[in-house]
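Residues per chain are reported as follows:
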Amino acid sequence: MRNIFLFILLLITSTHSFSTEKTMSDTQTKVKLTTTLGEIIIQLNTEKAPISSANFLTYVNEGFYNGTIFHRIIPDFMAQGGGFDTSFNQKPVHASIKNEANNGLTNTRGTLAMARTNDPNSATAQFFINYKDNSFLNHTSQTASGWGYAVFGEVIEGMDVVDAMSTQATSNRGGHQDVPKTDIIIEKAELIK
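Reading the values: rules and limits
Within each chain, residues carry numbers counting from 1 in the order of the written sequence. In keeping with the predicted nature of the model, local features appear solely for residues at pLDDT of at least 70, side-chain atom pairs appear and are counted solely at 80 or more, and the whole-chain, interface and lining totals rest on all residues. Note that water and hydrogens are dropped before the side-chain values are worked out from all heavy atoms of the structure. Runs of E in the DSSP output that reach at least two residues are strands. Runs of H or I that reach at least four are helices, and both are numbered from the N terminus. With a 1.4 Å probe rolled over the protein chains alone, any residue whose accessible area is under 20% of its type maximum counts as buried; one over 50% counts as exposed, and the rest are partly exposed. What makes two residues a contact is simply this: any of their non-hydrogen atoms within 4.5 Å. All accessibility values rest on the Shrake-Rupley procedure with a 1.4 Å probe; residue burial counts only the protein chains present in the view. The pLDDT value tells you how sure the predictor is about a given residue, anywhere from 0 up to 100. Strand pairing is assigned whenever DSSP detects at least two bridges linking the two strands. Nonpolar cores are built from buried Ala, Val, Leu, Ile, Met, Phe, Trp, Tyr and Cys residues. Side-chain atoms within 4.5 Å join them into one set. For helices, the fitted line uses only the C-alpha atoms of the stretch in contact; every axis is such a line through C-alpha atoms, and the angle between N-to-C directions lies from 0 to 180 degrees. Note on definitions: salt bridges are taken to be side-chain nitrogens of Lys or Arg within 4 Å of carboxyl oxygens of Asp or Glu.

So, about the overall build of the protein. From N to C terminus, the protein includes 3 helices and 10 strands. Every one of the 193 residues in the protein was classed for burial, and the buried ones make up 41%. Of the contacts made within the protein by residues no fewer than 6 positions apart, 68% connect residues no fewer than 24 positions apart. Accessible surface, the protein as shown: approximately 10400 Å² in total, 53% of it carbon and sulfur.

Shown next as structure tokens:
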């Protein structure tokens, strides 16, 4: 009888753990980018990169990314987007955010990180997706050369779409290099509920 009681208790505990994990998994923050090449599903890491994730979601919820292009594609490195419209005009952005590159997340294949200027705390709307493990972009120290680029999410579906971007011919445009000759447009960015 005692063994049956222990078995039932173990079963209830296991079921409770499973349902808790399922609920946590179901509530992960995901964003879908519908592009002219297909859909990309991104899972944000709101725990380790709360500032960058909240910033990205603000732009998503405002519809900012709709109609923007991936304006810089370098095969075997990264694909950058989120700043220019199809006329290659840079869109107005909110204030820059604090660099969270020291959050323990690394620039591995399929991860999203905040693009920025030489100023470590200059990221606004632009982001990039890593084509490979780019360890040289990781945080090593709080110095100009060591700050790194803050990872805040990863592609969980549609990496084939991101890979397809790297096969597009590029050229110079508006003083920028590595710009796809045919626009790769983010038609819609939306939170998946």
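Having seen the model, we can carry on.
So, on to unusual backbone geometry. The residue aspartate 76 is not glycine, and still its phi comes out positive at about 65 degrees. Locating aspartate 76 in the fold gives a position in the loop between strand S3 (68-74) and strand S4 (78-85). Of the residues examined, aspartate 76 reaches a relative accessible area of 55% and is grouped as exposed. Within the chain, phenylalanine 88 stands out as a residue other than glycine whose phi angle is a positive 65 degrees.

Okay, the confidence of the model for the protein next. In low-pLDDT regions, the fine details of the predicted coordinates are not to be read closely. Residues with a pLDDT of 70 or more make up 86% of the protein, whose mean pLDDT is 89. Per-residue pLDDT stays below 50 along residues 1-26; that stretch engages in 1 contact with residues further than four places along the chain or on separate chains.

It is a general feature of regular strands that their side chains alternate between the two faces of the sheet. In this structure, strand S1 (residues 30-35) lies alongside strand S2 (residues 38-44), joined through 6 bridges in antiparallel fashion. Bridging from a neighbouring strand, lysine 30 pairs with glutamine 43 of S2. Linking two consecutive strands that pair antiparallel, namely S1 and S2, is a turn of 2 residues. Sheet analysis places S2 next to strand S7 (residues 151-157), joined by 4 bridges and oriented antiparallel.

The nonpolar side chains of a soluble globular protein tend to be buried with one another. Residues Leu33, Phe56, Tyr65, Phe70 and Phe127 are the most contacted members of the largest nonpolar core, which totals 32 residues. With residues near it in sequence (within four places) discarded, phenylalanine 56 still touches Val31, Ile42, Leu44, Tyr65, Leu112, Phe127 and Phe152. One finds Leu105, Ala113, Phe128 and Leu137 within the second-largest nonpolar core, a separate group that totals 8 residues.

Turning next to the sheet that holds strand S6 (residues 127-130). Reading around the barrel, the 8 strands line up as S1-S2-S7-S5-S6-S4-S3-S10 and close back on themselves, with antiparallel pairing between neighbours. The average angle at which neighbouring strand axes cross in this sheet is 35 degrees, direction not considered. Sheet topology places strand S5 (residues 111-114) next to S7; 3 bridges connect them, and they run antiparallel. By the bridge assignment, threonine 111 is partnered in S7 with glutamate 154.

Now for the pattern of salt bridges. Throughout the structure, instances matching the rule amount to 5 salt bridges. The network of salt bridges with common partners includes Lys32, Glu39, Lys188 and Glu190.

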